[in-house]
Amino acid sequence: MSTMSTTSAAPAVRPYRSYVYAYPHKTVYRPLADRPALRELWAAERKDALSLYLHIPFCEVRCGFCNLFTRIGAPDELTTRYLDALDRQATAVRDALGDEEPVRFAAAAFGGGTPTFLTAAELERLCDIAEKRMGADLRAVPLSVETSPSTATADRLAVLADRGTTRISIGVQSFVEAEARAAVRPQRRADVEAALDRIRDARIPVLNIDLIYGIDGQTEQSWRASLDAALGWRPEELYLYPLYVRPLTGLGRLDADGGAAADAAWDQQRLRLYRAGRDHLLAHGYEQVSMRMFRRADAPRTDGPDDYACQTDGMIGLGCGARSYTTKLHYSFDYAVEMREVRAIIDGYAATEDFSRAQVGRYVDGEEARRRHLLQSVLQAEGLRLADYRERFGTSPADDFPLELAGFEARGWLDTSAGAAGLLRLSPEGLAHSDALGPELFSPGVRAAMAAYELK
C-alpha cells in the first residue's frame, strides 16, 4: 500500500483559505532553465481532444477584488500589437503540434481580463486566430466567452453569436449599486440590465451570471435581492463567489492591515450567505455542480467541460496570462498582480517574436498528478469515480491520501454513503468548505514554492 501522504490535516481551518482554480497554483511556476521546445513537449501527447484558451488581458476598469492578470486600457495600438503577438504564438504552437497525427480541439474559451474589451473587428480577428491558425472549429465545439456590462455591446455580441459562441459569462457581482461601489466596481443597475437584455437578444444558448457574497455592508436581504434579480433573467448558469481580499488588489490596499480578511465574523458572514444562496437556487430549480457553480436543471447541455475541466491535460493556452498543460509540464509566462509589473509583462509579450519554447512553468510528477486528479474531481458535487482513479494510477485515493481523507471525514466533509456507488464525494458541508479542503491537498513542495513566491 502506498503511504505517500505523511502530514495529517489540521484540526481546525478557516473556511475561506483560497480558491483552487488550478493545481499547482501559478505562483509555483519558475523560469525553466532548459526552456524546452514546444515540439518536444507535445510530441508524445494525445492531441485528439485538446482544449483551447485565448487570454485577453485588458479591462475598462479593474475591480477592487480582482487579482487577474489584466490591465486597464490599451494605449498606443496595444490591442493590435497584442493580437499580432497572439497570431505569432498560435502559428508557433500549431507548428509544434505537428501533422503526424490528427489535431482536434474539443472545447474553446476566450477569457481575461475582458475579451469583449476588443472591438467587434478585433473579436473577428481573435476568432480567426483560433480557427485559421490553430484549426479549431468554433461552430462545432463549445465556445465560452467572458464579458462585462460595459463591453457587452450589440455589435460584439453579434460577432460572438455568429462565430459559434455557446456560452457567455458576465460578471455582475451585485445588482445593488451600493455593494458594487463597496467592491470598487462602479456600475449602474440599469446598465447591467441593458447588457443582459442585449445578451438574451443575441440568442447565445447559455448565459452565466457571476455574483459575489461577503461584500462590506451586504446582508441576507440584499444578497437575496441580487439573487432574485439574476433569476429574473433565467440564466442557464450562476456562479456564486465568496469575496476575497488579496494582496496588491484595490481592496487589499484599502485593507492593508488585514482587518476584515482576518476577522472570523467575516468568515461566518460568507458561510451564512453561501448557504442562503445555495438553498435559494436549489429551491428555484438549479442543480449544484460545485461550491461555486449552479446550473438550471432544464438548461441546454453542451458537451463542453464544467468549471474544472479546463485544468485537464491537453490544454493549449495562448496569450501572456494563459496556461498550457501537458502530462508532464504546466507552463505559461511570467505572472504579476501589481499594475506596473503586469504592463511590463504584456509589453514584453507583444514584442516577442519567438514562441517556440516554454519559458516559465513547473514539472508535474506522479504524486502531483494524483493530487491534481483528486482535487479536480472531489471539488465537484458529483465526486470522484474511484474506478477512474484506479485505472489511471493503479491505487485508490485512500491508499495515497489516508490522513487527509481521514481528516475530511472527521470534520463531516465526506459523504460516507458514496462509497457504495463507487464514488468519493463531498457532503454538503464539505462542498461549503471547498476553499479550505482544497489547499489541504497541496503537496509540501507546492506549499513551499507558493510561500517563497515574491508578490509583484
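1. Quick look at the packing of helix H2 (residues 78-97) against helix H3 (residues 120-133)
Point 1. Axis separation between H2 and H3 bottoms out at 9 Å; the angle between their running directions is 10 degrees. It follows that H2 is roughly parallel to H3 by the angle criterion. Listed contacts from H3 to Thr79, Thr80, Leu83, Asp84, Leu86, Asp87, Ala90, Thr91 and Arg94 of H2 are Glu122, Arg125, Leu126, Ile129 and Arg133.
Point 2. When grouped by side-chain class, the residues that make up the contact of H2 with H3 number five nonpolar, three polar and six charged.

2. Some words on the pattern of salt bridges
Point 1. Evaluation of the coordinates by the stated rule reveals 33 salt bridges.
Point 2. Put simply, Glu193 and Arg189 hold a salt bridge, and the shortest N to O gap is 3.1 Å. Of this pair, Glu193 and Arg189 both sit in helix H6 (residues 189-202), separated by four residues, roughly a single helical turn.
Point 3. Notably, a salt bridge pairs Asp435 with Arg292, separated by 2.6 Å at the nearest N-O pair. Residue Asp435 is located in helix H16 (residues 434-440), and its partner Arg292 is located in the loop between strand E10 (286-288) and strand E11 (293-296); the two are separated by 143 residues in the primary sequence. Each of the two residues, Asp435 as well as Arg292, counts as buried.
Point 4. Three or more residues are tied together by salt bridges with common partners; here these are Glu124, Asp128, Glu131, Lys132 and Arg163.

3. Some details on unusual backbone geometry
Point 1. The omega torsion of the bond from Tyr23 to Pro24 falls at -5 degrees, within 30 degrees of zero and hence cis.
Point 2. For Pro24, the location among the structural elements is in the segment before strand E1 (30-31).
Point 3. With omega at 15 degrees, the peptide bond leading from Gly112 into Gly113 counts as cis.
Point 4. By the element assignment, Gly113 lies in the loop between strand E5 (105-112) and H3.
Point 5. Located in the positive-phi region is Arg35, a residue other than glycine, with phi close to 40 degrees.

4. A look at the nonpolar core
Point 1. Formed by 118 residues in total, the largest nonpolar core has its most connected members in Leu52, Ile209, Leu211 and Ile316.
Point 2. If you tally residues by element for this core, the top one is H2, at ten residues.
Point 3. Those residues within four positions of Ile316 in sequence are excluded, and the remaining contacts are Trp42, Leu50, Ser51, Leu52, Tyr53, Val93, Leu97, Phe105, Met134, Arg323 and Ser324.
Point 4. With five residues, the next largest nonpolar core counts Ala183, Ile215, Leu243 and Trp266 among its residues.

5. Describing the packing of helix H11 (residues 366-378) against helix H12 (residues 386-393)
Point 1. Orientation of H11 relative to H12, taken along the N-to-C sense of each, is 165 degrees, at an axis distance of 11 Å. Relative to H12, the element H11 is oriented roughly antiparallel. For the pair H11 and H12, the crossing hand works out as right-handed. Across the interface between the two elements, Ala369, Arg370 and His373 of H11 pack against Tyr389, Arg392 and Phe393 of H12.
Point 2. Among the residues forming the contact of H11 with H12, the class breakdown is three nonpolar, one polar and two charged.

6. Regarding the packing of aromatic side chains
Point 1. This model, assessed by the stated rule, comprises 16 aromatic pairs.
Point 2. Taking 4.9 Å as the distance between ring centres and 55 degrees as the angle between the ring planes, the aromatic pair formed by Tyr389 and Phe393 counts as tilted. Separated by four residues within a single helix, Tyr389 and Phe393 lie in helix H12, roughly one turn from each other.
Point 3. One aromatic cluster is present, built from ring pairs that chain together Phe58, Tyr82, Phe117, Phe333, Tyr349 and Phe355.
Point 4. In this arrangement the basic side chain of Arg270 is found over the ring face of Trp266, its NZ or CZ atom lying 3.6 Å from the centre.
Point 5. Over the ring of Tyr325 we find Arg372, and its NZ or CZ is 4.9 Å from the ring centre.

7. Here's the deal with the confidence of the model for the protein chain
Point 1. Averaged over all residues, the pLDDT of the protein chain equals 88, while 88% of them reach at least 70.
Point 2. Confidence over residues 247-257 falls short of pLDDT 50; this stretch has 26 contacts with residues more than four positions distant or in other chains.
Point 3. A low-confidence stretch, residues 304-311 stays under pLDDT 50, and its non-local contacts, those more than four residues away or across chains, total 21 contacts.

8. Re the pairing of strand E15 (residues 360-363)
Point 1. One ladder, built from two bridges, connects E1 with E15; its direction is antiparallel. Directly across from Arg30, in E15, lies its bridge partner Gly361.
Point 2. For strand E14 (residues 329-332) and E15, the ladder comprises four bridges, and the chain directions are antiparallel. Each bridged residue has a counterpart across the sheet, and for His330 the counterpart in E15 is Arg362.

9. Structural notes on the pairing of strand E8 (residues 206-213)
Remark: a regular strand shows side chains that alternate across the two faces of the sheet.
Point 1. Within E8, eight of the eight residues are buried, which leaves it mostly tucked inside the rest of the structure.
Point 2. Where burial is concerned, the two faces of E8 agree: the one with Val206, Asn208, Asp210 and Ile212 and the one with Leu207, Ile209, Leu211 and Tyr213 are both buried.
Point 3. Pairing analysis gives six bridges linking strand E7 (residues 167-173) to E8, with the strands arranged parallel. Residue pairing for E8: Ser169 is matched across the bridge by Asn208.
Point 4. Bridge count between E8 and strand E9 (residues 237-242): six bridges; the pairing is parallel. Along E9, the bridge assignment pairs Leu211 with Leu240.
Point 5. In the classification by handedness, the crossover that spans E8, the intervening helix H7 (residues 220-231) and the parallel E9 is right-handed.

10. Things to note about H6
Point 1. Along its 14 residues, H6 runs 20 Å from first to last C-alpha, staying within 8% of the 20 Å computed at 1.5 Å per residue.
Point 2. Turning to H6, its buried residues number three or more, namely Val192, Ala195, Leu196, Ile199 and Ala202. Axial view of H6: buried residues confined to an arc of 115 degrees, hence all on one face.
Point 3. On its buried side, H6 packs onto strand E6 (143-147), helix H4 (154-162), E7 and E8.

Criteria and thresholds
- Residues numbered from 1 in each chain as written.
- Predicted model: local features only at pLDDT ≥ 70, side-chain atom pairs only at ≥ 80, totals over all residues.
- Heavy atoms only, no water.
- Axes fitted to C-alpha atoms, helices over the stretch in contact; angles between N-to-C directions.
- Helix = DSSP H or I, 4+ residues; strand = E, 2+ residues; numbered from the N terminus.
- Parallel < 35°, antiparallel > 145°, perpendicular 65-115°, else oblique.
- Contact = heavy atoms within 4.5 Å.
- Nonpolar A, V, L, I, M, F, W, Y, C, P; charged D, E, K, R; others polar.
- Salt bridge = Lys/Arg side-chain N within 4 Å of Asp/Glu carboxyl O.
- Buried < 20%, exposed > 50% of the residue type's maximum accessible area, 1.4 Å probe, protein only.
- Core = buried A, V, L, I, M, F, W, Y, C linked by side-chain atoms within 4.5 Å.
- Left-handed = near helix turned anticlockwise from the far one by under 90°.
- Phe/Tyr/Trp six-rings, centres within 6.5 Å; stacked < 30°, edge-to-face > 60°.
- Lys NZ or Arg CZ within 6 Å of the ring centre and 35° of its normal.
- pLDDT = per-residue confidence, 0-100.
- Pairing = 2+ DSSP bridges.
- Right-handed = clockwise from strand over helix to strand, strands pointing away.
- Expected span 1.5 Å × (residues − 1).
- Arc of directions from axis to C-beta.

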